[in-house]
Amino acid sequence: MGQSLSVRHLEAWYGSNKTLKGINMEIKPNQVTAIIGPSGCGKSTFVRCINRMHETLPGTKVKGEITLDGESIYDQDPVALRKMVGMVFQKANPFPSMSIYENVVAGLRLNGMKNKQKLLASAEKSLRMAALWDEVKDRLNYSGMSLSGGQQQRLCIARALAVEPSVLLMDEPASALDPIATTHIEELIRELKENYTILIVTHNMQQAARIADSTAFFLNGELVEHGPTSEIFTNPNDKRTEDYITGRFG
Amino acid sequence: MRQSLNDGQMVLTNLLKEMGLEVERILKGCMQTLITLDRAQAEFWIAEDHLVNDFERQVDDACVRLIATQQPVAKDLRKIISAMKISTDLERMADLAIGIAKVTRRIEGPLCKPLIDIPLMAEKALVMMRQGLEAYSREDMELARNLAAQDDAVDHLYNQVVRDLLVIMTKSPEYLDQGMYLTFVGRYLERFADHATNIGENVIYIATAQRQDLNK
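Residues numbered from 1 in each chain as written. Chains lettered and ligands numbered in written order. Predicted model: local features only at pLDDT ≥ 70, side-chain atom pairs only at ≥ 80, totals over all residues.

Student: Lay out the overall build of chain A in plain terms, naming residues and giving numbers.
Tutor: Check the secondary structure of chain A and you find 10 helices and 10 strands. Here the C-alpha atoms of chain A give a radius of gyration of 18 Å, agreeing with the 18 Å that 2.2 N^0.38 yields for 250 residues. Out of the 250 residues in chain A, the part that is buried amounts to 43%. Residue pairs at least 24 apart in sequence account for 69% of intrachain contacts in chain A once pairs closer than 6 positions are excluded. (Helix = DSSP H or I, 4+ residues; strand = E, 2+ residues; numbered from the N terminus. Rg over C-alpha atoms; globule rule 2.2 N^0.38 Å. Buried ≥ 20, exposed ≤ 12 C-beta atoms within 10 Å, placed from the backbone. Contact = placed C-beta atoms within 7 Å.)

Following this line, the structure appears as structure tokens:
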């Protein structure tokens, strides 16, 4: 099941550049939360803080608190945390030298799983959840790079799901895909929320409106507004949100 | 920013203004046929109905095009959806006006009384329609809210018209048919004003996303 996230007074820096300026946000379990905002507003930094990837870059700094079901993520080993908080990136990034099957089980192997039966069962389960199984079940040993862009992205989702996280972070997962592949990903996200808490960064307003239960609007490192998607896209409280979603700026 | 969407909304506003002018022309013409009992003119105006129907289709097409190509949200979306509703109101207002010309067709002989309150109702209803469209164009909520009081005045006149005609029909049964038809006219004009309040309600919805009943 998905876990809830609570973010309090989160601040983040790249060198002297403060990119997040005190974010407070509650993220409900088993919901899709969309993060929207113009380029450079801090939305990717925000999701990268949640699995502690931000702090891996030289010169970066994070302050504040993030809890996962009440437990601070900073009290946990980052590698163990990333098992619980999976991430899918904008550009599909299957490991180029690995087969489809090896891509999916890579995380499990890193975590020490060696039993072939278990690995195969887990690969099938993950590929089914990623709605890719039927398309690749007869060619699991083909290179991950042999798949189409949309399939590669679903492969990356399957890889993230294989380690059984409770939270899935997605940073513009469909921005490089055609409309059909995008629809596949969106349908998948809708199905996955039954078992996962999903945060998705997107520049596509209509995508956020279609798939997210709640939407957060970031601007200049601040959280301007966070509320039910139906309200954000019909009657936002803040004029800056209205100006952004109607395309008046950004 | 969003010049295409802004341009599209301007096209909608102008279409609705033109449609309003057409409705005004038809109502004035139809009222004149009633006052003068000119059946030939009544036929002319009845045949003009299609002009407003054409405007309604143009507004619908423009709205569908904007929704499909611009993916409007929030206030932009409310404004476009409201334009579709307002065009439907205007089309019905034209139908009601045409109803008056159809009454002219049926009235036999001279009028049972000089028409005073009915032309006054028409005048007030037209002012309301103009004001509703002006409120839409300027997104002026106060102008829109002001329509409620004007609608009350039209309702009051309608009640007066019905009372007067009932007295005539009771005293002079030979005017029963005519009295009934003129009551219809009063009803058409009262409904015309109600549609004008709908325009005002849409203006409030555009600005606030809230529904407010101006026709209580």
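Okay, back to it.
Student: Got a sec to walk through the overall build of chain B? Specific residues and values, please.
Tutor: Across its full length, chain B carries 8 helices and 0 strands. In chain B, the succession of α and β elements from N to C terminus is α-α-α-α-α-α-α-α. Taken over the C-alpha trace, chain B has a radius of gyration of 19 Å; the compact-globule value for 216 residues is 17 Å, and the two agree within 12%. In chain B, 82% of the contacts between residues at least 6 apart in sequence involve partners at least 24 apart.

Student: Account for unusual backbone geometry, with residues named and values stated.
Tutor: The phi torsion at His9 of chain A lies on the positive side, around 50°, for a residue other than glycine. Positionally, His9 of chain A belongs in strand β1 (residues 5–14). The phi dihedral of Gln71 of chain B falls on the positive side, at around 45°, and the residue is not glycine. Among the secondary structure elements, Gln71 of chain B is positioned in the loop between α3 (49–70) and α4 (74–106).

Student: Would you mind going over the pairing of strand β8 (residues 197–201) of chain A in detail, with residue names and values included?
Tutor: Looking along a regular strand, one sees the side chains alternate between the two faces of the sheet. All names here are of chain A. β8 sits mainly inside the fold: 5 of its 5 residues count as buried. In this sheet, β8 lies alongside strand β3 (residues 32–36) in parallel orientation, the contact comprising 4 bridges. Residue pairing in the sheet places Ile35 in a bridge with Val201 of β8. Once the chain exits strand β7 (residues 167–171) it traverses helix α7 (residues 179–192) before rejoining the sheet at β8, and the crossover so formed is right-handed. (Pairing = 2+ DSSP bridges. Right-handed = clockwise from strand over helix to strand, strands pointing away.)

Student: Give me the sheet that holds strand β4 (residues 60–68) of chain A: which residues, what numbers.
Tutor: Residue and element names in this part refer to chain A. Taking strand neighbours across the sheet as the criterion, the 4 strands line up as β2-β1-β4-β5 in an open arrangement whose pairing is antiparallel. Unpaired on one side and paired on the other, β2 (17–27) and β5 (71–72) mark the two borders of the sheet. Pairing geometry for β1 and β2, over 8 bridges, is antiparallel. For Val7, the partnering residue across the bridge sits in β2 and is Met25.

Student: I'd like to hear about the nonpolar core, residue by residue, with values.
Tutor: Ranked by size, the top nonpolar core spans 69 residues in total, and within it Ile35, Ala158, Leu168, Leu169, Ile198, Leu199 and Ile200 of chain A carry the most contacts. When residues in this core are grouped by element, the largest group, 7 residues, is from helix α6 (residues 149–162) of chain A. Core analysis: the next-biggest nonpolar cluster, separate from the first, contains 59 residues, Ile80, Met93, Ala97 and Phe192 of chain B among them. (Core = buried A, V, L, I, M, F, W, Y, C linked by C-beta atoms within 7 Å.)

Student: Lay out the environment of Val59 of chain B with the relevant residues and their values.
Tutor: Residues and elements named next belong to chain B. With respect to the element layout, Val59 can be found in helix α3. On the basis of neighbour count, Val59 is assigned to the buried category, with 25 C-beta atoms found within 10 Å. Separated by 24 residues in the primary sequence, Val59 and Ala83 place their C-alpha atoms 7.3 Å from one another.

Student: Can you explain the packing of helix α3 (residues 100–110) of chain A against α6 of chain A? Please cite residues and give values.
Tutor: Residues and elements named next belong to chain A. α6 packs onto α3 with a crossing angle of 30° between their chain directions and a minimal axis gap of 7 Å. The orientation of α3 with respect to α6, classified from their angle, is roughly parallel. You can see that α3 and α6 cross each other, and the crossing is right-handed. Where α3 approaches α6, its residues Ile100, Asn103, Val104, Val105, Ala106, Gly107 and Leu108 are matched on the opposing element by Leu155, Ala158, Arg159 and Ala162. (Axes fitted to C-alpha atoms, helices over the stretch in contact; angles between N-to-C directions. Parallel < 35°, antiparallel > 145°, perpendicular 65-115°, else oblique. Left-handed = near helix turned anticlockwise from the far one by under 90°.)

Student: Got a sec to walk through the packing of α3 of chain A against helix α4 (residues 116–129) of chain A? Specific residues and values, please.
Tutor: All names here are of chain A. Where α3 meets α4, the closest approach of the two axes is 9 Å, and the angle between their N-to-C directions is 110°. When the axes of α3 and α4 are compared, the pair comes out roughly perpendicular. The residues of α4 that touch α3, namely those facing Tyr101, Val104, Val105 and Leu108, are Leu119, Ser122, Ala123, Ser126 and Leu127. For the contact of α3 with α4, the class distribution of residues is 7 nonpolar, 2 polar and no charged. (Nonpolar A, V, L, I, M, F, W, Y, C, P; charged D, E, K, R; others polar.)

Student: I'd like to hear about the interface of chain A and chain B, residue by residue, with values.
Tutor: Taken together, the contacts link 13 residues of chain A with 8 residues of chain B. Listed by contribution, the elements that provide at least two residues to the side of chain A that touches chain B are α8 (205–211) and α10 (239–245) of chain A. With 3 residues, α8 of chain A is the largest single contributor of residues to the side of chain A that touches chain B. Broken down by class, the residue content of the side of chain A that touches chain B amounts to 6 nonpolar, 5 polar and 2 charged.

Student: An account of α3 of chain B is needed here, citing residue identities and associated values.
Tutor: All names here are of chain B. Helix length check: α3 (22 residues) gives 32 Å between terminal C-alpha atoms against 32 Å at 1.5 Å per residue, within 8%. Within α3, the full set of buried residues consists of Val52, Phe55, Glu56, Val59, Cys63 and Leu66. The buried side chains of α3 occupy one side of the element, clustering within an arc of 100° when seen end-on. Structural note: α3 exposes His50, Asn53, Arg57, Asp61, Val64, Ala68 and Thr69 on the side pointing more than 90 degrees away from its buried face. Those residues of α3 that are buried are in contact with α1 (3–36) and α4. (Expected span 1.5 Å × (residues − 1). Arc of directions from axis to C-beta.)

Student: So what about the sheet that holds strand β10 (residues 222–228) of chain A? Which residues, and what values?
Tutor: Residues and elements named next belong to chain A. In space, the 6 strands of this open sheet follow the order β6-β7-β8-β3-β9-β10, with mixed pairing throughout. Among the strands making up the open sheet, the edge pair consists of β6 (85–88) and β10. The average angle at which neighbouring strand axes cross in this sheet is 15°, direction not considered. Contacting β3, β6, β7, β8 and β9 (214–219), helix α1 (residues 43–50) crosses the sheet at an angle of about 150° to β8.

Student: I'd love a proper account of the environment of Glu91 of chain B, names of residues and values included.
Tutor: All names here are of chain B. Considering the arrangement of structural elements, one finds Glu91 in helix α4. Note: C-alpha distance between Glu91 and Gly132 (41 residues apart in sequence) is 15 Å. In this structure, Glu91 is in contact with Val52, Asn53 and Glu56, ignoring residues within four places of it in sequence.

Without other data, these values stay purely geometric and don't point to any function.
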